[in-house]
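Notes for the structure review
Residues per chain, in single letters:
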Amino acid sequence: MSQFAFHLDMSRCTGCKTCVVACKDAYDLDVGVAFRRVYEAVGGTTTKDEMGCAHTDCFVYYLSLSCNHCADPVCVEVCPTQAMHKDPDTGLVSVDVEKCIGCGYCHLSCPYSAPKVDATKGHSVKCDGCAARVLAGEAPICVLACPARALSFGEVEDMRKKGEVADVAPLPSAAHTLPNFFITPCQDARPSDSDEVAVGNIAEVQ
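Below, the structure is looked at part by part. Just so it is clear, the structure is predicted and the values come from calculations on it, not from any experiment.

For the rest of this paragraph, the subject is the pattern of salt bridges. Counted according to the given criterion, the structure contains 5 salt bridges. Note that Arg-133 is salt-bridged to Glu-138, the shortest N-O span being 3.6 Å. One network of salt bridges, with partners in common, ties together Lys-17, Glu-40 and Glu-204.

Structural data, given as structure tokens:
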């Protein structure tokens, strides 16, 4: 079985969210539904000394995230109807909408909150890695849209050569599901278990 994966060069990502908009436009996604999200990871403090001079160690970095098409996807494991499944030829995880009953177990179990239940459609929806485009030999929409060329996509071994498995805050530990998502960390990136990082745009990515 082949396995496709995403790679993000965090040193190039500016947080512009073009990837998010391009995906929503391509798949005509409703308000409140997004297959890709960009987290604004923030931390640090600013203080003044006795002379009134300001000192800061504040930082911000961006993390563009979609479904990670995990090697051990918990969403597939908990799905009671086998609607959530991993393609044997590409390793991409997608939803069979004919089987999905909209129970939401996939959403509740995924540590990355990748699947969502679309109430208007009555079933779960998620990033499928632009499976139809991949089968046609084309790149996912988000990768093509990125103006900074921070995103890339391909065979897992090729993406692994570009970086390391994504294990940075605010993501959970990669040990949970073995995500097929690799990163080149930026200078300010903190490990996944760091308590220094908060999500600055939490309402946007929920």
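The discussion continues.
One open sheet accounts for 4 strands, arranged β10-β1-β12-β11; its pairing is mixed. Only two strands of the sheet have a single neighbouring strand rather than two, namely β10 (151–155) and β11 (164–165).

This part takes up the nonpolar core. Ranked by size, the top nonpolar core spans 51 residues in total, and within it Leu-8, Met-10, Tyr-61, Leu-63 and Phe-181 carry the most contacts. At the level of secondary structure, the elements contributing two or more residues to this core comprise β1 (4–9), α1 (18–26), β2 (37–43), β5 (59–65), β7 (93–95), α5 (141–145), β10 and β12 (181–184). Considering every element that reaches this core, the biggest residue donor is β5, with 4 residues. When sequence neighbours within four positions are dropped, the list of residues in contact with Tyr-61 reads Met-10, Tyr-39, Glu-40, Ala-41, Ala-169, Cys-186, Asp-188, Ala-189, Arg-190 and Val-197.

Rules behind the numbers
Residues numbered from 1 in each chain as written. Predicted model: local features only at pLDDT ≥ 70, side-chain atom pairs only at ≥ 80, totals over all residues. Heavy atoms only, no water. Salt bridge = Lys/Arg side-chain N within 4 Å of Asp/Glu carboxyl O. Pairing = 2+ DSSP bridges. Helix = DSSP H or I, 4+ residues; strand = E, 2+ residues; numbered from the N terminus. Core = buried A, V, L, I, M, F, W, Y, C linked by side-chain atoms within 4.5 Å. Buried < 20%, exposed > 50% of the residue type's maximum accessible area, 1.4 Å probe, protein only. Contact = heavy atoms within 4.5 Å.

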